[in-house]
Each structure stands twice: as C-alpha cells, then as structure tokens.
Amino acid sequence: MSMSVTFTINRAARTVELDDPRVTLLDLLRERLDLAGTKKGCDRGQCGACTILLNGRRVNACLALAISHDGAEILTIEGLAEGDALHPVQAAFIEHDALQCGFCTPGQIMSAVGLIGEGEAGLDPERVREGMSGNLCRCGAYRGITEAVVAATQAMGAAGQEDAA
Ligand code: FES
Ligand code: FES
C-alpha cells in the first residue's frame, strides 16, 4: 500500500508516494527528489552530514521518517541561496576557508543556519563550537568553520540592524 506525503521543500510544494513507511527524509531527498546536496555520512545520527532544517529546526535527516513529517516545511542546502546571492553563512564559509573536501559542508552550513536562528551561541567561539559539535569534519576544518559561523552571525545581526534602521 502506498502513502502520499506532501512537504514544502525549499519553498515549493512536493507530493511523494511512499511505498515503504521506513523511508527516511534523507533517502527521500537524495533518491526521490534529486536533492543530493544533503549528504549521507554515517546514516545513524552520528556525523551531522545530513543536517536539514525541518520546520525551522535543525535535524539529522537520516533519523527522520518521511511519513512522520507529512506537511512539514523543509529547507536544504539547495534552497539557501536566493538566486545568485549566497546566504551569509555560505559566503562566510568561503571567506573563512571553512572547508577542505567539502563533504561535511552542506550539513555544517545548515547546522550553522539553525544555530544562528536559535540565538544561543552569539559571537562566543566556544559556544559556537559546542553548538556545532553534532557536525563532524573528517578534514578537521573546525577552526575555519567556527570563524565562519561567528562572522555570519555578526553579518546577519548587522543586516538586521540596518533593516530595522
Ligand atoms: S548521515 Fe545523518 S547523522 Fe550521519
Ligand atoms: S571538509 Fe572534509 S569532511 Fe569536512
């Protein structure tokens, strides 16, 4: 028996027929919707490579069953830039050389966007490191990642103040 689920993914409505209730959001994105920017590292919730925003909160897509999130709003790395304009977190990762092989990078960036949205870490590198600790980087690009997240937080805060002015 197949089941129909509908999501808003990167601001567009997508309906998918599921033949198997055990399909994860990660496999749905990568294998059914051609959104392969979200990476599969461990497939068991330990590396953060599959991080997406689900209703505005960061989650490991490998641990989330698609069927359980019918109607959810999903943002993946493919939906972050606005046309040619990079999201401030993407721009900061480039500016601060926050990647080497790049495999963990989509998850790092989505996690950073979530962390900044949570507003818990501010500009404190130690708290940023703690907030990003669920995202592993085999290349050890942690220093650049932390710098990029702090810089993006600052840039987004400055942008908010300009908007408010
Ligand atoms: S692939 Fe999901 S946490 Fe590693
Ligand atoms: S940049 Fe290679 S795993 Fe992080």
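Residues numbered from 1 in each chain as written. Chains lettered and ligands numbered in written order. Predicted model: local features only at pLDDT ≥ 70, side-chain atom pairs only at ≥ 80, totals over all residues. Heavy atoms only, no water.

Colleague: I keep staring at the overall build of the protein chain and nothing clicks. Help me out?
Modeller: On a plain count of helices and strands, the protein chain comes out with five helices and five strands. Traced from its N-terminal end to its C-terminal end, the protein chain shows the element sequence β-β-α-β-β-β-α-α-α-α. Relative to a compact globule of 165 residues, whose C-alpha radius of gyration would be 15 Å, the protein chain shows 16 Å and is just as compact. Expressed as lengths along the three principal axes of its C-alpha atoms, the size of the protein chain is roughly 50 × 40 × 30 Å. Carbon and sulfur atoms form 49% of the exposed surface of the protein chain, whose accessible area is close to 8700 Å². In the protein chain, the 14 positive side-chain charges and the 22 negative ones have mean positions that sit 6 Å from each other. (Helix = DSSP H or I, 4+ residues; strand = E, 2+ residues; numbered from the N terminus. Rg over C-alpha atoms; globule rule 2.2 N^0.38 Å. Areas by Shrake-Rupley, 256 points an atom, 1.4 Å probe, with all protein chains shown as cover. Lys, Arg positive; Asp, Glu negative; His and termini not counted. Charge placed at Lys NZ, Arg CZ, Asp CG, Glu CD.)

Colleague: Would you mind showing me how to read the nonpolar core here?
Modeller: One recurring pattern in soluble globular proteins: nonpolar side chains tend to sit buried together. In terms of nonpolar packing, the biggest core is built from 25 residues, with V89, F93, I145 and V149 touching the most fellow members. For this core, the secondary-structure elements that each account for two or more residues are α2 (88-95), α3 (105-118) and α5 (142-164). By residue number, the principal contributor to this core is α3, which donates six residues. Both domain 1 (3-79) and domain 2 (88-164) contribute no fewer than three residues apiece to this core. With residues up to four places along the chain from it excluded, the contact list for F93 reads A98, L99, T105, Q108, I109, I145, A148 and V149. Among the nonpolar cores identified, the runner-up in size contains 20 residues, and L33, I52, A64 and I74 belong to it. (Core = buried A, V, L, I, M, F, W, Y, C linked by side-chain atoms within 4.5 Å. Buried < 20%, exposed > 50% of the residue type's maximum accessible area, 1.4 Å probe, protein only. Domains from an automatic or database assignment. Contact = heavy atoms within 4.5 Å.)

Colleague: Before we go on, may I ask you to explain the packing of aromatic side chains in this structure?
Modeller: Between two aromatic rings, the relevant description is the distance of the centres plus the angle of the planes. One pass over the structure, following the stated rule, counts zero aromatic pairs. Here the guanidinium or amino end of R138 rests over the ring plane of F103, the centre of that ring lying 5.1 Å away. (Phe/Tyr/Trp six-rings, centres within 6.5 Å; stacked < 30°, edge-to-face > 60°. Lys NZ or Arg CZ within 6 Å of the ring centre and 35° of its normal.)

Colleague: Even after reading the chapter, I still don't get the packing of α2 against α3, so can you show me in this structure?
Modeller: Relative orientation and spacing of two packed helices are given, respectively, by the angle between their axes and the distance between those axes. Taken N-terminus to C-terminus, the directions of α2 and α3 make an angle of 125°; their axes are 10 Å apart at the nearest point. On the basis of the axis angle, α2 is oblique to α3. The two elements α2 and α3 meet at a crossing, and its hand is right-handed. Contact residues: α2 offers V89, Q90 and F93, while α3 offers T105, Q108, I109, A112, V113 and I116. Taken together, the residues that form the contact of α2 with α3 break down as six nonpolar, three polar and no charged. (Axes fitted to C-alpha atoms, helices over the stretch in contact; angles between N-to-C directions. Parallel < 35°, antiparallel > 145°, perpendicular 65-115°, else oblique. Left-handed = near helix turned anticlockwise from the far one by under 90°. Nonpolar A, V, L, I, M, F, W, Y, C, P; charged D, E, K, R; others polar.)

Colleague: Which parts of the structure should I look at to understand the pairing of strand β2 (residues 12-18)?
Modeller: The side chains of a regular strand alternate, residue by residue, between the two faces of the sheet. Where strand β1 (residues 3-9) meets β2, seven bridges bridge the pair, whose relative direction is antiparallel. Across the sheet, T6 pairs through a bridge with T15, a residue of β2. (Pairing = 2+ DSSP bridges.)

Colleague: I tried to follow the pairing of strand β3 (residues 51-54) on my own but got confused; where do I start?
Modeller: Side chains of β3 alternate between two faces, with T51 and L53 and I52 and L54 buried alike. Bridge analysis of β3 against strand β4 (residues 57-60) gives four bridges, and the strand direction is antiparallel. Bridge pairing in β4 places L54 opposite R57. Between β3 and β4, which pair antiparallel in sequence order, lie two residues; one of them, N55, sits at a positive phi of approximately 50°.

Colleague: When you look at unusual backbone geometry in this model, what are you seeing that I'm missing?
Modeller: Generally, phi is negative for residues other than glycine and the peptide bonds are trans, each holding for most cases. Positive phi, close to 60°, is recorded for D43, a residue that is not glycine. When you line up the elements, D43 lands in the loop between α1 (25-32) and β3. Positive phi, normally seen in glycine, also occurs at N55, with a value near 50°. Its place among the elements puts N55 in the loop between β3 and β4. The exposure class assigned to N55 is exposed, which follows from its relative accessible area of 51%.

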